[in-house]
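# Observations on chain architecture
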Amino acid sequence: MSAFSWPAAASLASGLLSVGFIAFVWPYREEDGARLFMAMIGAITLWAVSYGVALLVFDPTLRFLLEIPIWLGTCFTSLLFLAFALEYTGRKDAVRSPAMGALVALMVGFVALIATNPRHQLVWQNYRIEPTLGAATVAHTTEAWLLLILMTLMILTAGAVLILIETFMSYGQLYRSQTLALALSPLPVIPGILLWLFNVGPVPNLNLAPLLFPLHLGLDMYAFFRRNMFELTPAARRTGDQTAIDDLGIGIIIVDDDQRVINANDAATAIVETPKPDFLGKSLDSIELEIDLAGDDQRIRHGDTRTRDYAVTVSPIEDSADSTVGHTITLQDITTERQREQRLAVLNRILRHNLRNDLNVASGYLEVVADGVDDEGYADMLETAKRNTDSVLELGDKARMVERTLETEDMGTEPIPVADLVDHIADQLVADHGGSVANEVSKAFAVETNRQLLESVLANLIENGLEHGGCSVTVSATTTGSTARIEVSDSGDGIPEHELSVIEEGKETDLEHGSGIGLWLVEWGATALGGNVSYEIDATGTTATVELPDVVDSE
């Protein structure tokens, strides 16, 4: 052992600084990447402390034995840096992969090769102590295996840096500062290794890397203390992105600008009936989905063992220069929806044409027969039958109104004088049902909305009041800012509680159902207009309030 030299002291100080840093990181050990980060700092500690002690040892045999922990720390610093970068950025599966296991075995092999070098001289030759600045530095002739070892470590370090840079570029402002600091952290150390490897510089036998570790740790500390590196980890973002894609319940395929599949979720692989490893890298044309990347509102049918219908949406992926670098394709299974549409179309056709035509004939015959029957009992029964038949015909008219209501999404808006619209609706309904409608809406009151939807809503509310609300209906309107409130009040017994409960629950059952579809038309129409409808029932009757936001010019 020699007297203390400043290179040895600097190297040992780097080791002590590393140990202190680990103590600060320890409380975050459960966060993604934290344990691997501490292990990497631990490898740096082993490297720095071992090298600091070695610089104090002039005995050749003991000095060579200290090369083993030095190189153990050297090799695993790079490997653990790569493993940390993978787990910290959400690639935990790569850390636990067979490839990572092979890299661990390779590092152990490198250390074993160095430990046994006196026998085979494959790593270096002519190993000898040549003191520098009072420290026990060594000189040797570099062999090919030492170059291979250091080149491998540089590649591992570069891989970690690229992973962190990719995160810096891709994940936005939230993670940029810490990932950039971590990516830059190895750079101060690399020149020291290269000067030692190529035996150049003012102190060619002294490996300056352990002495430069404080610069490396300074960047790590900046990421930890100033940028909350383990409180805001990109692993959560990456995992969240992939989980969101997998949990959407629809197939998602991402292709590059050459139409090669670069990512896909499990739903997509199930659709193409191909395992994900076999699916990735394939041309989009090879999976026989017949998708046009420039098309809109596409529908395809696909499946070998089970044919299904899919709605296809294609969205371009653009880089920061607004250049298209790929496309995202979504495949939504609409088989059940299309079957439902087909069934509804058939039922609608039966209701609108076949059933209506037959009932019109039946209603006409019932009226003729009722006029020709002298027996009052039979005449009453025929009148009841005709009334019920006409009720079914009226239900058919309501069903057609449902169809028109649900097809008004793209019909646009227009200024509507509400008082005139109420008069138009009331005249026809009073003629059909009797009663009266008091129109208290100001002639100046107008809304900007869809006429057909608003007419459907008000007509059903007024008709309900005339039929069940004591034959007297009042319509009024007020505004608050740009929101319109139209009230339809009657003086009857009110809407039955079970009718309203069905609307509030949003579904009908065998035990809970309405007697018609008028209130449903009101609910659907108000929702389609971007508003809502509420009901207030008291001893004086029922008041329905239709609230429509952003339909009145508030200026």
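Residues numbered from 1 in each chain as written. Predicted model: local features only at pLDDT ≥ 70, side-chain atom pairs only at ≥ 80, totals over all residues. Heavy atoms only, no water.

Helix and strand content of the chain: 20 helices and 14 strands. Buried residues in the chain amount to 41% of all 555 residues. Looking at the chain alone, contacts between residues at least 24 apart form 63% of all its contacts between residues at least 6 apart. Accessible surface, the chain: about 28,800 Å² in total, of which carbon and sulfur atoms supply 55%. (Helix = DSSP H or I, 4+ residues; strand = E, 2+ residues; numbered from the N terminus. Buried < 20%, exposed > 50% of the residue type's maximum accessible area, 1.4 Å probe, protein only. Contact = heavy atoms within 4.5 Å. Areas by Shrake-Rupley, 256 points an atom, 1.4 Å probe, with all protein chains shown as cover.)

Right, let's get into a negative patch on the surface. A contiguous patch of negative charge, built from E367, D371, D374, D375, E376, D380 and E383, is present on the exposed surface. For the negative patch, the element with the most residues is helix α16 (residues 376-406), which contributes three residues. (Patch = residues over 30% accessible without salt bridge, like charges linked within 9 Å, V, L, I, M, F, W, Y side chains within 5 Å. Salt bridge = Lys/Arg side-chain N within 4 Å of Asp/Glu carboxyl O. Lys, Arg positive; Asp, Glu negative; His and termini not counted. Charge placed at Lys NZ, Arg CZ, Asp CG, Glu CD.)

All right, on to the environment of E67 then. Here E67 is to be found in helix α4 (residues 67-88). Exposure remark for E67: the relative accessible area of 7% places this residue in the buried category. Each C-alpha atom, one on E67 and one on A115, is 7.7 Å from the other, the two residues being 48 residues apart in sequence. If sequence neighbours within four positions are ignored, E67 has contacts with W124, Y127 and V138.

Below, the discussion takes up a nonpolar patch on the surface. Taken together, L122, W145, L148, M151 and I155 make up a surface patch of nonpolar side chains, about 460 Å² in accessible area. Within the element layout of this structure, L148 appears in helix α8 (residues 144-170).

This paragraph deals with empty space enclosed by the protein. On inspection of all chains with the given rule, the structure shows four cavities of 30 Å³ or more. By volume, the largest cavity amounts to about 220 Å³. Forming the boundary of the largest cavity are 17 residues, of which W47, T77, S78, T157 and I193 lie nearest the centre. Contributing elements (two or more residues each) for the lining of the largest cavity: α2 (34-54), α4, α8, α10 (190-197) and α11 (209-226). Considering only residue class, the lining of the largest cavity consists of twelve nonpolar, five polar and no charged. Taken together, the elements giving at least two residues each to the lining of the second largest cavity come down to α4 and β2 (138-142). The greatest single-element share of the lining of the second largest cavity, amounting to three residues, is contributed by α4. Per-class residue counts for the lining of the second largest cavity are six nonpolar, three polar and two charged. (1 Å grid on protein atoms, 1.4 Å probe; cavity = no way out; pocket = protein on both sides within 12 Å on 5 of 7 lines; lining within 4 Å. Points joined across faces, edges and corners; volume = space filled by probe spheres on them. Nonpolar A, V, L, I, M, F, W, Y, C, P; charged D, E, K, R; others polar.)

Strand order in this open sheet of five strands is β9-β11-β12-β14-β13, and the pairing throughout is mixed. With one partner strand each, in any of the chains shown, β9 (436-439) and β13 (532-538) form the two edges of the open sheet. Taken pair by pair, the neighbouring strands of this sheet meet at an average axis angle of 20°, ignoring direction. Bridge count for strand β12 (residues 483-490) against strand β14 (residues 541-548) is six bridges, and the pairing is antiparallel. Residue pairing in the sheet places E487 in a bridge with T545 of β14. Sheet contacts for helix α17 (residues 418-433): β9, β11 (472-480) and β12; angle to β9, the most-contacted strand, approximately 175°. In the packing of helix α18 (residues 451-468) onto the sheet, the strands contacted are β9, β11, β12, β13 and β14, and the crossing angle to β12 comes to about 20°. (Pairing = 2+ DSSP bridges. Axes fitted to C-alpha atoms, helices over the stretch in contact; angles between N-to-C directions.)

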